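Each chain, letter by letter, is given below.
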Amino acid sequence: MASVIRVTGAWTQLLTDWLDHERLTAADIRAMLEHWAPEDAVPLAVWRELLARAVALRPQQLAPGLVIGSGVQPRHVGVMGYVVLASRNLGEAMQTYQRYERLFYGTDLVAIEALSDEFEVRWPKNAPIFDQLTDAVGIAALITFLRQQVDSPLAVSAVTFVNPAPNAEEHAAYEAFFGCPVRFDDTHTRVRFPASYLALPMAHSDPSLRLLLDRQLQALLLALPDSDAFDRALQQVMLKLLPEGMVTLPRAAGELCVSVRTLQRRLDASGICWQSLLDRTREQLARQYLQDRTLTLGDIALLLGFSEQSAFNRAFKRWTGLTPLAVRGG
(Lines give C-alpha, C1' and ligand atoms only; values in the text may rest on other atoms or scores of the structure.)
Protein backbone atom coordinates (compact mmCIF):
# COMPACT_ATOMS: atom_id res chain seq x y z
CA MET A 1 0.00 0.00 0.00
CA ALA A 2 2.80 2.43 0.88
CA SER A 3 4.06 2.41 -2.73
CA VAL A 4 0.87 3.97 -4.09
CA ILE A 5 0.37 6.68 -1.50
CA ARG A 6 0.89 10.17 -2.88
CA VAL A 7 -0.83 13.54 -2.86
CA THR A 8 -2.44 15.39 -5.72
CA GLY A 9 -0.27 18.04 -7.37
CA ALA A 10 -2.80 20.77 -6.50
CA TRP A 11 -1.91 20.20 -2.83
CA THR A 12 1.60 21.61 -3.33
CA GLN A 13 0.09 25.08 -3.91
CA LEU A 14 -0.82 25.06 -0.22
CA LEU A 15 2.88 25.19 0.64
CA THR A 16 3.57 27.83 -2.02
CA ASP A 17 0.88 30.01 -0.46
CA TRP A 18 2.45 29.55 2.98
CA LEU A 19 5.84 30.61 1.61
CA ASP A 20 4.16 33.71 0.15
CA HIS A 21 2.44 34.47 3.44
CA GLU A 22 5.71 34.14 5.33
CA ARG A 23 7.50 36.22 2.65
CA LEU A 24 10.10 33.51 2.18
CA THR A 25 12.05 33.50 -1.09
CA ALA A 26 13.04 29.82 -0.76
CA ALA A 27 14.04 29.62 -4.43
CA ASP A 28 15.09 25.96 -4.25
CA ILE A 29 11.84 24.85 -2.61
CA ARG A 30 9.75 26.92 -5.01
CA ALA A 31 11.57 25.38 -7.96
CA MET A 32 10.68 21.92 -6.70
CA LEU A 33 7.06 22.95 -6.12
CA GLU A 34 6.78 24.42 -9.61
CA HIS A 35 7.84 21.07 -11.01
CA TRP A 36 4.44 19.62 -10.06
CA ALA A 37 1.34 20.49 -12.05
CA PRO A 38 -2.10 20.26 -10.36
CA GLU A 39 -2.93 17.04 -12.21
CA ASP A 40 0.33 15.32 -11.21
CA ALA A 41 0.71 12.68 -8.53
CA VAL A 42 3.35 13.79 -6.00
CA PRO A 43 5.00 10.93 -4.10
CA LEU A 44 4.34 11.23 -0.38
CA ALA A 45 8.07 11.11 0.36
CA VAL A 46 8.56 14.19 -1.85
CA TRP A 47 5.71 16.03 -0.11
CA ARG A 48 7.19 15.20 3.30
CA GLU A 49 10.60 16.48 2.21
CA LEU A 50 9.15 19.72 0.85
CA LEU A 51 7.25 20.37 4.08
CA ALA A 52 10.28 19.60 6.26
CA ARG A 53 12.56 21.89 4.26
CA ALA A 54 9.99 24.68 4.33
CA VAL A 55 9.26 24.66 8.06
CA ALA A 56 13.00 24.54 8.78
CA LEU A 57 13.04 28.12 7.48
CA ARG A 58 10.74 29.14 10.35
CA PRO A 59 12.11 27.17 13.31
CA GLN A 60 10.49 29.56 15.78
CA GLN A 61 6.97 28.99 14.42
CA LEU A 62 4.82 26.95 16.83
CA ALA A 63 2.99 23.95 15.30
CA PRO A 64 3.84 24.94 11.70
CA GLY A 65 1.79 22.10 10.24
CA LEU A 66 -1.36 23.66 11.67
CA VAL A 67 -0.40 27.05 10.24
CA ILE A 68 0.18 25.61 6.76
CA GLY A 69 -3.02 23.55 6.83
CA SER A 70 -5.10 26.52 7.97
CA GLY A 71 -4.43 28.22 4.63
CA VAL A 72 -6.43 25.64 2.67
CA GLN A 73 -8.74 26.67 -0.17
CA PRO A 74 -10.88 24.51 -2.49
CA ARG A 75 -8.34 24.90 -5.31
CA HIS A 76 -5.75 23.09 -3.19
CA VAL A 77 -7.85 19.92 -3.34
CA GLY A 78 -8.71 20.04 -7.04
CA VAL A 79 -12.14 19.07 -8.37
CA MET A 80 -12.89 17.11 -5.20
CA GLY A 81 -12.76 20.34 -3.19
CA TYR A 82 -15.42 21.93 -5.36
CA VAL A 83 -17.66 18.86 -5.19
CA VAL A 84 -17.46 18.98 -1.38
CA LEU A 85 -18.18 22.70 -1.50
CA ALA A 86 -21.29 22.14 -3.68
CA SER A 87 -22.70 19.39 -1.41
CA ARG A 88 -26.02 19.92 0.36
CA ASN A 89 -24.83 19.35 3.92
CA LEU A 90 -21.86 18.23 5.96
CA GLY A 91 -22.93 14.59 5.87
CA GLU A 92 -22.96 14.56 2.07
CA ALA A 93 -19.65 16.41 2.01
CA MET A 94 -17.99 13.75 4.20
CA GLN A 95 -19.42 10.95 2.04
CA THR A 96 -18.00 12.70 -1.00
CA TYR A 97 -14.56 12.90 0.58
CA GLN A 98 -14.66 9.20 1.45
CA ARG A 99 -15.81 8.25 -2.02
CA TYR A 100 -13.09 10.18 -3.85
CA GLU A 101 -10.18 10.12 -1.40
CA ARG A 102 -8.33 7.82 -3.79
CA LEU A 103 -8.01 10.72 -6.22
CA PHE A 104 -6.14 12.64 -3.53
CA TYR A 105 -3.94 9.96 -1.91
CA GLY A 106 -3.95 7.28 -4.63
CA THR A 107 -5.64 4.79 -2.30
CA ASP A 108 -8.59 4.52 0.07
CA LEU A 109 -7.63 5.22 3.68
CA VAL A 110 -10.44 6.98 5.50
CA ALA A 111 -13.25 5.37 7.50
CA ILE A 112 -16.34 7.24 8.66
CA GLU A 113 -18.42 5.79 11.48
CA ALA A 114 -21.59 6.95 13.19
CA LEU A 115 -21.38 6.57 16.96
CA SER A 116 -24.21 7.08 19.46
CA ASP A 117 -24.23 10.88 19.41
CA GLU A 118 -21.10 11.59 17.33
CA PHE A 119 -19.56 10.68 14.02
CA GLU A 120 -15.90 9.87 13.59
CA VAL A 121 -13.55 10.31 10.63
CA ARG A 122 -10.39 8.24 11.06
CA TRP A 123 -7.27 6.94 9.33
CA PRO A 124 -5.55 3.76 10.65
CA LYS A 125 -2.05 3.82 12.06
CA ASN A 126 -0.70 1.02 9.87
CA ALA A 127 -2.13 2.27 6.55
CA PRO A 128 -0.30 5.49 5.68
CA ILE A 129 3.29 6.48 6.25
CA PHE A 130 2.48 9.98 7.41
CA ASP A 131 4.69 11.73 9.91
CA GLN A 132 3.61 14.33 12.47
CA LEU A 133 4.05 17.25 10.10
CA THR A 134 2.09 15.82 7.14
CA ASP A 135 -0.63 14.60 9.50
CA ALA A 136 -0.92 18.02 11.14
CA VAL A 137 -1.20 19.75 7.76
CA GLY A 138 -3.86 17.30 6.56
CA ILE A 139 -6.09 17.40 9.64
CA ALA A 140 -5.75 21.17 10.08
CA ALA A 141 -6.71 21.62 6.43
CA LEU A 142 -9.72 19.30 6.78
CA ILE A 143 -11.10 21.12 9.82
CA THR A 144 -10.38 24.56 8.37
CA PHE A 145 -12.01 23.68 5.05
CA LEU A 146 -15.17 22.40 6.72
CA ARG A 147 -15.35 25.38 9.05
CA GLN A 148 -15.19 27.68 6.02
CA GLN A 149 -18.06 25.93 4.26
CA VAL A 150 -20.80 25.41 6.86
CA ASP A 151 -23.26 28.10 7.83
CA SER A 152 -22.84 27.49 11.60
CA PRO A 153 -19.83 27.41 13.95
CA LEU A 154 -18.18 23.99 13.75
CA ALA A 155 -16.93 22.67 17.09
CA VAL A 156 -14.83 19.51 17.15
CA SER A 157 -15.41 16.95 19.93
CA ALA A 158 -11.98 15.29 19.86
CA VAL A 159 -8.85 14.91 17.72
CA THR A 160 -6.22 12.18 18.02
CA PHE A 161 -2.96 11.50 16.19
CA VAL A 162 -0.94 8.30 15.78
CA ASN A 163 2.30 10.24 16.17
CA PRO A 164 4.16 10.83 19.46
CA ALA A 165 3.13 13.82 21.56
CA PRO A 166 5.02 17.08 20.97
CA ASN A 167 6.27 19.25 23.81
CA ALA A 168 3.75 20.81 26.19
CA GLU A 169 3.74 24.21 24.47
CA GLU A 170 3.03 22.72 21.06
CA HIS A 171 0.44 20.35 22.52
CA ALA A 172 -1.37 23.37 23.92
CA ALA A 173 -1.23 24.99 20.47
CA TYR A 174 -2.94 21.93 18.99
CA GLU A 175 -5.76 22.10 21.53
CA ALA A 176 -6.18 25.83 21.00
CA PHE A 177 -6.35 25.36 17.23
CA PHE A 178 -8.91 22.54 17.27
CA GLY A 179 -10.78 23.82 20.32
CA CYS A 180 -10.97 20.40 21.96
CA PRO A 181 -8.81 17.79 23.74
CA VAL A 182 -6.07 16.40 21.48
CA ARG A 183 -4.39 13.03 22.16
CA PHE A 184 -1.29 11.51 20.62
CA ASP A 185 0.11 7.96 20.33
CA ASP A 186 -3.37 6.71 19.42
CA THR A 187 -4.27 3.72 17.23
CA HIS A 188 -5.83 6.07 14.66
CA THR A 189 -5.63 9.64 13.53
CA ARG A 190 -9.24 10.70 14.05
CA VAL A 191 -11.63 13.61 14.26
CA ARG A 192 -14.99 13.50 16.04
CA PHE A 193 -17.98 15.81 15.61
CA PRO A 194 -21.45 15.83 17.16
CA ALA A 195 -23.76 13.69 15.00
CA SER A 196 -26.16 16.61 14.65
CA TYR A 197 -23.55 18.38 12.50
CA LEU A 198 -24.21 15.98 9.61
CA ALA A 199 -27.32 18.00 8.78
CA LEU A 200 -25.52 21.36 8.74
CA PRO A 201 -26.05 23.01 5.32
CA MET A 202 -23.03 23.86 3.21
CA ALA A 203 -22.74 27.58 2.50
CA HIS A 204 -22.25 27.13 -1.25
CA SER A 205 -24.51 24.17 -1.94
CA ASP A 206 -25.27 23.77 -5.65
CA PRO A 207 -26.90 20.40 -6.53
CA SER A 208 -26.67 20.96 -10.30
CA LEU A 209 -22.98 21.86 -10.17
CA ARG A 210 -22.34 18.94 -7.84
CA LEU A 211 -23.83 16.48 -10.35
CA LEU A 212 -21.63 17.80 -13.14
CA LEU A 213 -18.47 17.72 -11.04
CA ASP A 214 -19.38 14.30 -9.67
CA ARG A 215 -19.40 12.90 -13.19
CA GLN A 216 -15.94 14.34 -13.79
CA LEU A 217 -14.59 12.77 -10.60
CA GLN A 218 -16.05 9.40 -11.52
CA ALA A 219 -14.34 9.68 -14.88
CA LEU A 220 -11.04 10.49 -13.18
CA LEU A 221 -11.41 7.39 -11.00
CA LEU A 222 -11.69 5.30 -14.15
CA ALA A 223 -8.36 6.67 -15.32
CA LEU A 224 -6.53 6.29 -12.02
CA PRO A 225 -5.46 2.60 -11.76
CA ASP A 226 -2.14 1.61 -13.29
CA SER A 227 -1.45 5.02 -14.76
CA ASP A 228 1.48 7.35 -14.27
CA ALA A 229 1.42 11.14 -13.99
CA PHE A 230 1.67 11.69 -17.76
CA ASP A 231 -1.15 9.24 -18.46
CA ARG A 232 -3.37 10.95 -15.89
CA ALA A 233 -2.57 14.36 -17.35
CA LEU A 234 -3.47 13.11 -20.83
CA GLN A 235 -6.70 11.62 -19.51
CA GLN A 236 -7.68 14.91 -17.90
CA VAL A 237 -6.90 16.82 -21.09
CA MET A 238 -9.20 14.46 -22.98
CA LEU A 239 -11.95 14.94 -20.39
CA LYS A 240 -11.62 18.69 -20.85
CA LEU A 241 -11.61 18.62 -24.66
CA LEU A 242 -14.27 16.00 -25.31
CA PRO A 243 -17.33 18.20 -24.60
CA GLU A 244 -15.82 20.85 -26.87
CA GLY A 245 -15.63 18.37 -29.75
CA MET A 246 -11.96 19.27 -30.17
CA VAL A 247 -10.13 16.06 -29.21
CA THR A 248 -7.30 15.81 -31.69
CA LEU A 249 -3.71 14.69 -31.22
CA PRO A 250 -2.29 18.19 -31.95
CA ARG A 251 -4.79 19.84 -29.58
CA ALA A 252 -3.99 17.37 -26.78
CA ALA A 253 -0.25 17.89 -27.31
CA GLY A 254 -0.76 21.65 -27.08
CA GLU A 255 -2.69 21.34 -23.81
CA LEU A 256 0.12 19.16 -22.40
CA CYS A 257 2.78 21.63 -23.61
CA VAL A 258 4.61 18.94 -25.56
CA SER A 259 5.17 18.48 -29.29
CA VAL A 260 2.93 16.23 -31.35
CA ARG A 261 5.97 14.03 -31.99
CA THR A 262 6.63 13.66 -28.24
CA LEU A 263 3.03 12.68 -27.53
CA GLN A 264 3.04 10.24 -30.44
CA ARG A 265 6.26 8.65 -29.15
CA ARG A 266 4.68 8.27 -25.72
CA LEU A 267 1.64 6.55 -27.20
CA ASP A 268 3.84 4.30 -29.34
CA ALA A 269 5.80 3.27 -26.24
CA SER A 270 2.50 2.33 -24.58
CA GLY A 271 1.52 0.25 -27.60
CA ILE A 272 -1.62 2.25 -28.37
CA CYS A 273 -2.56 4.58 -31.19
CA TRP A 274 -4.37 7.87 -30.69
CA GLN A 275 -7.67 6.68 -32.16
CA SER A 276 -7.69 3.57 -29.98
CA LEU A 277 -7.05 5.68 -26.88
CA LEU A 278 -9.83 8.08 -27.87
CA ASP A 279 -12.27 5.23 -28.51
CA ARG A 280 -11.38 3.50 -25.24
CA THR A 281 -11.82 6.70 -23.24
CA ARG A 282 -15.15 7.45 -24.90
CA GLU A 283 -16.39 3.92 -24.30
CA GLN A 284 -15.44 4.01 -20.61
CA LEU A 285 -17.16 7.34 -20.14
CA ALA A 286 -20.20 6.28 -22.17
CA ARG A 287 -20.75 3.21 -19.98
CA GLN A 288 -20.56 5.41 -16.90
CA TYR A 289 -22.81 8.13 -18.26
CA LEU A 290 -25.43 5.58 -19.36
CA GLN A 291 -25.91 4.65 -15.71
CA ASP A 292 -27.08 8.20 -15.00
CA ARG A 293 -30.74 8.40 -15.98
CA THR A 294 -30.71 12.19 -15.73
CA LEU A 295 -28.58 12.28 -18.89
CA THR A 296 -30.31 11.81 -22.24
CA LEU A 297 -28.51 10.00 -25.06
CA GLY A 298 -28.16 13.41 -26.72
CA ASP A 299 -26.49 14.79 -23.58
CA ILE A 300 -24.07 11.87 -23.53
CA ALA A 301 -23.25 12.34 -27.21
CA LEU A 302 -22.33 15.98 -26.53
CA LEU A 303 -20.29 15.13 -23.44
CA LEU A 304 -18.29 12.65 -25.54
CA GLY A 305 -17.68 15.16 -28.34
CA PHE A 306 -20.04 13.77 -30.97
CA SER A 307 -21.85 16.29 -33.16
CA GLU A 308 -25.07 14.30 -33.08
CA GLN A 309 -26.63 11.36 -31.26
CA SER A 310 -26.66 9.10 -34.31
CA ALA A 311 -22.86 9.33 -34.55
CA PHE A 312 -22.58 8.32 -30.90
CA ASN A 313 -24.99 5.40 -31.45
CA ARG A 314 -22.93 4.08 -34.37
CA ALA A 315 -19.64 4.43 -32.47
CA PHE A 316 -21.00 2.70 -29.36
CA LYS A 317 -22.32 -0.19 -31.46
CA ARG A 318 -18.88 -0.51 -33.04
CA TRP A 319 -17.15 -0.56 -29.62
CA THR A 320 -19.49 -2.95 -27.84
CA GLY A 321 -21.74 -4.67 -30.35
CA LEU A 322 -24.72 -3.17 -28.52
CA THR A 323 -26.72 0.05 -28.78
CA PRO A 324 -26.56 2.62 -25.96
CA LEU A 325 -30.25 2.04 -25.31
CA ALA A 326 -29.71 -1.69 -24.89
CA VAL A 327 -26.92 -1.12 -22.35
CA ARG A 328 -29.03 1.38 -20.47
CA GLY A 329 -31.82 -1.20 -20.32
CA GLY A 330 -34.61 0.58 -22.13
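Here is a short report on the structure shown in this document.

Quick look at the overall build of the protein chain now. Scanning the protein chain from terminus to terminus reveals 16 helices and seven strands. Whereas a compact globule of 330 residues would reach a radius of gyration of roughly 20 Å, the protein chain reaches 22 Å, a difference of no more than 12%. Principal-axis analysis of the C-alpha atoms gives the protein chain an extent of 70 × 50 × 35 Å. Evaluated residue by residue, the protein chain yields a buried proportion of 50% over its 330 residues. Carbon and sulfur atoms make up 53% of the accessible area of the protein chain, which amounts to about 15,300 Å² in all.

Our focus in this paragraph is helix α6 (residues 90-105). With 16 residues, α6 extends 21 Å from end C-alpha to end C-alpha; this agrees with the ideal 22 Å at 1.5 Å per step. Largest kink in α6: about 50°, centred on Arg99. Taken across its 16 residues, α6 has twelve buried, putting it largely inside the fold. Considered for burial, the residues of α6 that qualify are Leu90, Gly91, Glu92, Ala93, Met94, Thr96, Tyr97, Tyr100, Glu101, Leu103, Phe104 and Tyr105. Capping the start of α6 is the job of one residue whose side-chain oxygen sits 3.2 Å from the backbone nitrogen of Gly91: Asn89. After α6 finishes, the residue Gly106 shows a positive phi value of roughly 85°.

So, about the pairing of strand β7 (residues 188-194). For strand β4 (residues 118-124) and β7, the ladder comprises seven bridges, and the chain directions are antiparallel. Paired with Phe119 across the strands is Phe193, a residue of β7.

The next point concerns the pairing of β4. The buried fraction of β4 amounts to six of the seven residues, a majority that puts the element mostly inside the structure. Here four bridges tie strand β3 (residues 111-114) to β4, and the two strands are oriented antiparallel to one another. Each residue of the ladder has a partner; that of Ala114, found in β4, is Phe119. Linkage of β3 to β4, two consecutive antiparallel strands, is achieved through a turn of three residues.

Below, the discussion takes up empty space enclosed by the protein. Using the criterion set out here, one finds one cavity of 30 Å³ or more in the structure. Those elements that provide at least two residues to the lining of the largest cavity are α3 (44-55), α5 (79-85), α6 and α7 (132-149). Per-element tally for the lining of the largest cavity: the top contributor is α7, with eight residues. Along the lines of polarity and charge, the residues of the lining of the largest cavity split into 20 nonpolar, three polar and one charged.

In this fold, Pro194 is placed in strand β7. Between the C-alpha atom of Pro194 and that of Met238, which follows or precedes it by 44 residues, the distance is 42 Å. Excluding its chain neighbours within four sequence positions, the residues that come into contact with Pro194 are Asp117, Glu118, Phe119, Ala155 and Ser157.

Here we take up the sheet that holds β3. Think of a sheet as strands paired side by side through backbone hydrogen bonds, with each pair either parallel or antiparallel. Within the open sheet, the five strands sit side by side as β3-β4-β7-β5-β6. Their pairing is mixed. What marks the edges here is a single partner per strand, and that holds for β3 and β6 (182-183). Packing of α6 onto the sheet brings it into contact with β3 and β4, and relative to β4 it is tilted by some 15°.

For the rest of this paragraph, the subject is the packing of aromatic side chains. As enumerated under the stated definition, the model contains 14 aromatic pairs in all. Both rings, one in Phe119 and one in Phe193, keep their centres 5.1 Å apart while their planes meet at 20°; by these two values the pair is stacked. Residue Phe119 is located in strand β4, and its partner Phe193 is located in strand β7; the two are separated by 74 residues in the primary sequence. Residue Phe119 shares its accessibility class with Phe193, and that shared class is buried.

Conventions used here
Position numbers for residues start from 1 in each chain and track the written sequence from start to end. For a predicted model such as this one, the threshold for reporting local features is a pLDDT of at least 70, and the threshold for listing and counting side-chain atom pairs is 80 or more; totals across whole chains, interfaces and linings nevertheless cover every residue. For the side-chain quantities, the full set of heavy atoms in the structure was used; hydrogens and water were omitted. Helix and strand assignments come from DSSP, with helices taken as H or I runs of at least 4 residues and strands as E runs of at least 2, each series counted from the N terminus. Each radius of gyration is computed over the set of C-alpha atoms, and the globule rule expresses the reference value as 2.2 Å times the number of residues to the power 0.38. Exposure is judged per residue with a 1.4 Å probe applied to protein chains only, and the accessible area is read against the type maximum: over 50% gives exposed, under 20% gives buried, and values in between give partly exposed. Each accessible area is a Shrake-Rupley result for a 1.4 Å probe, and residues are judged covered by the shown protein chains and nothing else. For a helix, the expected span equals 1.5 Å multiplied by the residue count minus one. The reported bend at a residue is simply the angle between two axes, fitted to the 7 residues ending at it and to the 7 residues beginning with it. Each polar contact in these results corresponds to two N or O atoms within 3.5 Å; when the atoms are within protein, one needs to be able to donate a hydrogen and the other to accept it, and residues that are neighboring in sequence are counted only if both atoms are side-chain atoms. The criterion for strand pairing is that DSSP finds at least two bridges linking the strands in question. A pocket here means an open set of points on a 1 Å grid, computed over the protein atoms alone, that has protein on both sides within 12 Å along at least five of seven lines. A cavity is instead a set of points where a 1.4 Å probe fits but cannot get out; residues with an atom within 4 Å of a point line either one. Grid points are joined across faces, edges and corners, and a volume is the space filled by probe spheres set on the points. The classification used treats Ala, Val, Leu, Ile, Met, Phe, Trp, Tyr, Cys and Pro as nonpolar, Asp, Glu, Lys and Arg as charged, and all other residues, Gly among them, as polar. In what follows, a contact means two residues having at least one pair of non-hydrogen atoms within 4.5 Å. Only C-alpha atoms enter the line fits that serve as axes; for helices the fit covers just the stretch in contact. Angles between N-to-C directions range over 0 to 180 degrees. Put simply, two rings from Phe, Tyr or Trp (the six-membered ring, in Trp's case) pair if the centres are within 6.5 Å, and we call them stacked under 30 degrees between planes, edge-to-face over 60, tilted for the rest.

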